[in-house]
Amino acid sequence: MSPRFSYSRINTFNNCREAYRINYIKGIRKDNENIEAYLGSCVHYVIEEIYNNANSSINFDEIVYMYKKSWDDNWHDSIYLIDGRKKVSQYYSLGIECLKNFYKRNIENNSSFLKNALGSEVEVEFSMDGIDFRGIIDRLDFDSQASQYTINDYKTSKRIISPKKAQRDLQLGLYLVAIHQKFDIENPVILKWHFLRYGVDIVVSPEMEDVDFIKNKLVKKAKAILDMSSDRENFYPNENILCNWCHYWEECTAKDTSNPAKRILK
Ligand code: SF4
């Protein structure tokens, strides 16, 4: 059966083919999670809950309460600290900072912030040229007056995308193609990245030529991966800084040891 391509599948292939082989060809999955990813999932969960609960008068104390509860309730034994100079409490506080920025930009003094929200964690699937794609949109909005969709993505990471790159980015681009396939699009779809650490939003509206570019690139990339998948020689390690965040050192042919990241004991 042909695989369904997510952005993360394509991105893993681009970063390291050995990691792709381990993850997607051998199917090895682990519960291990880096603290950065853990804080990101707690922040995502809280924002999702804010929209699902549809409480337009929510205050920041309630948001912090939800975050603390999510952090405590979901904690598990396979969370790792990569940067030994940092403390777990710093990551916890960073999550609060992200939520504070989100609250200030979207909720405070804006009682209609729920108005256009169509859904959170929206699963999308579509096919192009016989290849299946899938993704999960953090939040989808629809402004019925302007007849316009907005795809929202929350980022707790450090790096901010430039507007030029955002116009043809493959992650939100994959969601964009999905929305084009699913709905009648009258006006260009808005893509909105919420860079929560900084309280900065990057907003673009790709034109049809950008959508076509993204479609071609997704199909080309997925086909290339499928073509290469039958030959083991195509999958080799690409050692780089990202190895520090990789949980597959035991399976990786380039590594002799386990990842030295520290398991966090509570
Ligand atoms: S440790 Fe590095 S080279 Fe090995 S699979 Fe992970 S990212 Fe690739």
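Residues numbered from 1 in each chain as written. Predicted model: local features only at pLDDT ≥ 70, side-chain atom pairs only at ≥ 80, totals over all residues.

The next subject is the site of the ligand. Close contacts around the ligand come from 14 residues, with Cys16, Pro237, Cys243, Cys246 and Cys252 the closest. Taken together, the residues that form the shell around the ligand break down as ten nonpolar, one polar and three charged. (Near = placed C-beta within 6 Å. Nonpolar A, V, L, I, M, F, W, Y, C, P; charged D, E, K, R; others polar.)

It is worth spelling out the sheet that holds strand E9 (residues 262-263) at this point. With respect to topology, three strands assemble into an open sheet ordered E2-E3-E9, the strand pairing being mixed. Edge positions in the sheet fall to strand E2 (33-34) and E9, since each has one partner strand and no second. (Pairing = 2+ DSSP bridges. Helix = DSSP H or I, 4+ residues; strand = E, 2+ residues; numbered from the N terminus.)

All right, on to the nonpolar core then. Ile151, Tyr175, Leu176 and Ile179 are the most contacted members of the largest nonpolar core, which has 30 residues in total. With seven residues, helix H7 (residues 170-182) is the single largest residue contributor to this core. Discounting residues that sit within four places of it in the chain, Tyr175 has contacts with Val124, Gly135, Ile137 and Ile151. Grouped together as the second largest cluster of nonpolar side chains are 21 residues, Val46, Tyr67, Leu99 and Tyr103 included. (Core = buried A, V, L, I, M, F, W, Y, C linked by C-beta atoms within 7 Å. Buried ≥ 20, exposed ≤ 12 C-beta atoms within 10 Å, placed from the backbone. Contact = placed C-beta atoms within 7 Å.)

Take the packing of H7 against helix H8 (residues 208-228) next. One way to put it is that H7 packs onto H8 with a least axis distance of 9 Å and a crossing angle of 105°. On the basis of their axis angle, the class for H7 and H8 is roughly perpendicular. On H8, the residues touching Leu170, Gly173, Leu174, Leu176, Val177 and His180 of H7 are Val211, Ile214, Lys215, Lys217 and Leu218. Looking at the contact of H7 with H8 residue by residue, the classes come out as seven nonpolar, two polar and two charged. (Axes fitted to C-alpha atoms, helices over the stretch in contact; angles between N-to-C directions. Parallel < 35°, antiparallel > 145°, perpendicular 65-115°, else oblique.)

These figures come from the coordinates and say nothing about function on their own.
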